[in-house]
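Summary of the model geometry
Given next are the chains, with one letter for each unit.
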Amino acid sequence: MITRRTAIAAGLAAPLVATGRAGAQAPTRAETLLLVQEYGPNSLDMQGIGASQPVNGVALNCYDRLLRFKPVPIPSGGGNQVSMTELEGELAESWQVAPDGMSCTFKLRDATFHSGRPVTAKDVKWSLDRAVSIGGFATTQMAAGSLEKPEQFVVVDDKTLRIDFLRRDKMTMPNLAVTIPFVIDSELAVKNGGGDPWAKDWLKNNVAGSGAYKVESWKPGVETIYVRNDAWTQGPLPKLRRIIARDIASPSTRRALMEKGDADISYGLPPKDFKDLIDAGRVKVVGVPIPNGVWGLYLNTKTGPFTDVRLRQAVAWAVPYEKILQASLFGRGVDMSGGPETPTVAWPQPFPYRVDPQKAKELVAAAAPGGFTTTLLFDAGNATVAEPMSVLIKEALAPLGITVEIQKVPGSNFRGEIAKKTNPMVLNRFAGWLDFPDYYLFWTMHGNNSIFNIASYQNPELDKLVDAARFTDDKAAYDRDVVRFVSLVERELPMVPIAQPTHDVAMQKTIGGYQFQPCREPDFRYLTKG
Amino acid sequence: MLRILVDRLLTTLPALAGVVVVCFLLTRVLPGDTAAYFAGPAATPQAIEQIRKELGLDRPVPEQFGRYVTELARGDLGQSLTTGQPVLADLKSRLPASAELTLFGLVLALVVALPLGILAAVKQGSLADHLCRIVATAGVSLPVFFTGLLLVYLFYFVLGWSPAPLGRLDSFASAPPTLTGFYLLDSLAAGEVETFRSALAQIALPGLTLAIFALAPIARITRASMLAVLGADFVRTARAAGLSGRKVVITYAFRNAVLPVVTTLGMVFSFLLGANVLVEKVFAWPGVGSYAVEALIASDYAPVQGFVLAMAILYIVLNLLIDLAYGLIDPRVGSAAA
């Protein structure tokens, strides 16, 4: 019997005879992946303002960057994750950091855009200029790696680009591999931009990249169809020729589709469904503890009862870590209690607290003898996990005389609420793309008071340690600073870490080549089927 | 007739204006910060401020309203931030999906509920009457998302009779050329039997879910109104004159009993549009209901306003049609209105 696959194999074996014919055929079901997800992209331009989480997937698969993270095996198996510190060239053929460590020169590969135009240093500069100037998330993310001004990007010649560093920042190079600094066909974009120098409207609805996939059709809120770019040479040619990504809002429906074998791969199911799928054994579930991600209970250090550090510590001695891990995350996470007295150079890591009602009671008796009433806030969008979590916390705090009122607010409200920084207790999950402890604390506990410093924690001593760690080249000094600032927050507890959640993906057993990316969107380029 | 139509349309204008104002104000009063939401994770206060400015949300409310009305007059309903598309385009592509599903469910409900209601009234206290009562009670007491999930579990997951609940078409089929936006009609018009079959298979379960919900009020009101008419003098006269039972029930009684049913139908249709929201979620149906809810959660004003406006217009048209239908069914109503 001649199947589609043997036909291709024959084509590969006798290129003169059969490749042309094989290439011309329409992709079959065996070469088509059906992905089901909660919601799809709201734009095709990840640099644009208001781009939603799934737009990262478009940037990842349809555009190229100068660099990409090197895949390394997931310790528990099932595929690959990435190494933050080992980078590979994507559009860059080679790169060289200057001896003074203050610039880096990139040599470009001979790559072409989907339009057929060659990728030049001018396009790279235009795209990076755009990322640092367009505002919103893109600009914030670029700045996180000290990429702030267009003057930093210098075209040396058609195939050579130099990036001048503002300061030595170990996050500059990894930040070139995240989904924001992707390279756009600048001539095509400007031509269609209708006077807008950054072609915002046009790029929102059109892909002008050089990536491994093109968008064949995009119906917002319904489906996105990708087709392989057969001319892609920035890596091994992807195996899948066509990807259909359907937006299916109901997780129960997504689970049913997976169990029946009608969908190939599903992201974002509730932890309970993942656990059930693993137990049933019909589909494969690959889990990666989200790097630099943790569920934390933020306790306001500026207003309300928790300005007293003893009460924050009392909470840390009372949170039922193990129960939460089982009842709200269904075991899909890593416990953050019972850690060593002296922290290690890692984040997140277990704090040295565990459930000890006696200690908690003593601390409350000393700081607030009569007990008190307070509120606990969480994002309704996370309710599947956060609701049982907050109920368990409420139950655990009641015997201490702390009465907790649970408040569940929808996503758009939640942002407004945490920006106010007046809520005494907030349950939130924050995950940083760049996996460095100082990066996490920079967002959540640093004196710059970003929106994610929910506890409104201000401590010049911590700021000094975090800043020093961020900009040092000295490994020993870095390790020392990390241990110091982690010890500090273990004592001070602006946030009680509860569990590091697992990022799970369910797929049919025939699907291989799973690649976890920090942006947590599917990378079709490595996936295989059959 | 034409004059009634024009008169009726004119009286709806103040209602529409009211909808525009109230809906605009309501969306602004809602707590929630659009700019903060769309600034995404890790946004700085400056980034949020910049987005607020770009969306025009930093201006005073009267100015925002003025701009909204001006754009509305030009037929521009604004941009959705959740889908990134103009609201008008979104509604155009999604409204037919919701309408097709709702009408399908309604027709399905009618086909079952009318005979059931008539039978229950004619044979009071019989098995059919009890069945009618049970169906009606079950229909109103089961929440639609539950019925939906139950049907998916039974017919798709366990029995495998129904195709995957993936929306309006199988993922490997393509949509028929747009004529009405109703896939069932469009595929037939284009002569694509395969597409018709796929669309019918996809709509069957969500349609059934809605039908179960709609059955109850239609069956109950048919029964009640038939009972009233069957007890009337003219029915007794007809029977005494020796007309066949069939002729008495269908031609005389039912024709007279149908007015309250039509009124209920209008109400049921509007309930169904509401119930749609949950059914659309379960069956991944790309309709307006799920679209509006998602926009509401994100404090995305433009689609919410567009949705409410579209619904208001739909109800007005629906009520108008029902009024006109009254005149056709019972000529006395038409002459009284004129």
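Bear in mind that the values here come from a model prediction, so they are computed numbers and not experimental data.

1. As for the confidence of the model for chain B
All names here are of chain B. Here chain B averages 82 in pLDDT, while 95% of its residues score no lower than 70. When the elements of chain B are averaged for pLDDT, helix α14 (residues 331-337) gives the smallest value, 58, and helix α5 (residues 87-122) the largest, 88. Across the interface, the model reports ipTM at 0.74; the global pTM reads 0.82.

2. A look at the nonpolar core
In this structure, Leu297(A), Val315(A), Val319(A), Ala214(B), Leu215(B) and Ile218(B) are the most contacted members of the largest nonpolar core, which totals 239 residues. In terms of domain composition, this core takes at least three residues from each of domain 1 (4-12 + 29-264 + 508-529) and domain 2 (293-503) of chain A. For Leu297(A), the residues in contact, after removing those within four places along its chain, are Val315(A), Val319(A), Ile393(A), Met425(A), Leu427(A), Met495(A), Val496(A) and Ile498(A).

3. Comments concerning the packing of helix α9 (residues 193-230) of chain B against helix α11 (residues 245-283) of chain B
All names here are of chain B. In the contact formed by α9 and α11, the axes pass within 8 Å of each other and the chain directions differ by 160°. Overall, the two elements α9 and α11 adopt an arrangement that is roughly antiparallel. Seen from above, α9 lies across α11 with right-handed handedness. Of the residues that constitute the contact of α9 with α11, the class distribution is 22 nonpolar, five polar and no charged.

4. Things to note about unusual backbone geometry
Residues and elements named next belong to chain A. The peptide bond linking Trp347 to Pro348 adopts the cis configuration, its omega dihedral lying at -10°. Looking at where Pro348 falls in the secondary structure, it is placed in the loop between β14 (333-335) and α13 (357-367). One non-glycine residue, Ala199, lies in the positive phi region at around 45°. Relative to the helices and strands, Ala199 resides in the loop between α7 (186-192) and α8 (200-205). Of note in the backbone geometry, Lys421 takes a positive phi value of approximately 60° without being a glycine. Looking at the element boundaries, Lys421 is found in the loop between α15 (411-420) and β17 (425-431). Residue classification places Lys421 among the partly exposed residues on the basis of 19 C-beta atoms within 10 Å.

5. A short note on the environment of Pro181(A)
All names here are of chain A. Note that Pro181 resides in the loop between α6 (172-175) and α7. Considering only alpha carbons, one finds Pro181 and Ala318, 137 residues apart in sequence, at a separation of 44 Å. Among all residues touching Pro181, those that are not within four sequence positions of it are Arg65, Ser127, Leu128, Ala131, Met142 and Leu176.

6. Brief notes about α9(B)
The terminal C-alpha atoms of α9(B), which comprises 38 residues, lie only 44 Å apart, well short of the 56 Å expected from a rise of 1.5 Å per residue. For α9(B), the tally of buried residues reaches 27 of 38 residues, placing the bulk of the element in the interior.

7. Notes on the environment of Gly79(A)
Residues and elements named next belong to chain A. Structurally, Gly79 is set in the loop between β2 (67-73) and β3 (80-89). Expressed as a C-alpha distance, the spacing of Gly79 and Met258, which sit 179 residues apart in the sequence, is 19 Å. Excluding residues within four positions of it along the chain, Gly79 makes contact with Ile74, Val286, Gly513, Tyr514, Gln515 and Phe516.

How each quantity is defined
Residues numbered from 1 in each chain as written. Chains lettered and ligands numbered in written order. Predicted model: local features only at pLDDT ≥ 70, side-chain atom pairs only at ≥ 80, totals over all residues. pLDDT = per-residue confidence, 0-100. Helix = DSSP H or I, 4+ residues; strand = E, 2+ residues; numbered from the N terminus. Core = buried A, V, L, I, M, F, W, Y, C linked by C-beta atoms within 7 Å. Buried ≥ 20, exposed ≤ 12 C-beta atoms within 10 Å, placed from the backbone. Domains from an automatic or database assignment. Contact = placed C-beta atoms within 7 Å. Axes fitted to C-alpha atoms, helices over the stretch in contact; angles between N-to-C directions. Parallel < 35°, antiparallel > 145°, perpendicular 65-115°, else oblique. Left-handed = near helix turned anticlockwise from the far one by under 90°. Nonpolar A, V, L, I, M, F, W, Y, C, P; charged D, E, K, R; others polar. Expected span 1.5 Å × (residues − 1).

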